[in-house]
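Understanding the architecture of this molecule
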Amino acid sequence: MCVAFPGKILEITGGRARVDFAGTLADVSLAMVDARVGDYVLVHAGMAIQVMGADEAESLADLFAEAEAAAHE
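Residues numbered from 1 in each chain as written. Predicted model: local features only at pLDDT ≥ 70, side-chain atom pairs only at ≥ 80, totals over all residues. Heavy atoms only, no water.

1. Considering the overall build of the protein
Counting its regular elements, the protein contains one helix and five strands. Listed by position from the N terminus, the elements making up the protein come as β-β-β-β-β-α. Relative to its length of 73 residues, the protein is compact, with a C-alpha radius of gyration of 12 Å against a globular reference of 11 Å. With respect to the three principal axes, the spread of C-alpha positions in the protein is 45 × 25 × 20 Å. Evaluated residue by residue, the protein yields a buried proportion of 25% over its 73 residues. Accessible surface, the protein as shown: approximately 4800 Å² in total, 54% of it carbon and sulfur. Measuring between centres, the 4 positive side-chain charges of the protein sit 12 Å from its 12 negative side-chain charges. (Helix = DSSP H or I, 4+ residues; strand = E, 2+ residues; numbered from the N terminus. Rg over C-alpha atoms; globule rule 2.2 N^0.38 Å. Buried < 20%, exposed > 50% of the residue type's maximum accessible area, 1.4 Å probe, protein only. Areas by Shrake-Rupley, 256 points an atom, 1.4 Å probe, with all protein chains shown as cover. Lys, Arg positive; Asp, Glu negative; His and termini not counted. Charge placed at Lys NZ, Arg CZ, Asp CG, Glu CD.)

Next comes the structure, spelled out in structure tokens:
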């Protein structure tokens, strides 16, 4: 099973972006998408695979948080 997480692009240098995943920062390749600072991207295995809207990204992040909370009950 593959899992991709949403994050917000904070800065771009060349073909890489600094992405914020709810406070955790990571460097991500932008080779597969056309994204800008402030965009939300879906990231799998260190690569942005889709640009998404803020509402969609927030809904997905909430879903992951609910799943994590349920796993710890």
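2. Side note on the environment of Arg 36
In this structure, Arg 36 sits in the loop between strand S3 (24–29) and strand S4 (40–44). In this structure Arg 36 comes out as exposed when scored by relative accessible area, which is 56%. C-alpha of Arg 36 to C-alpha of Ile 9: the two residues are 27 residues apart in sequence and 7.2 Å apart in space. Other than its neighbours up to four places away in sequence, Arg 36 contacts Ile 9 and Ile 12. (Contact = heavy atoms within 4.5 Å.)

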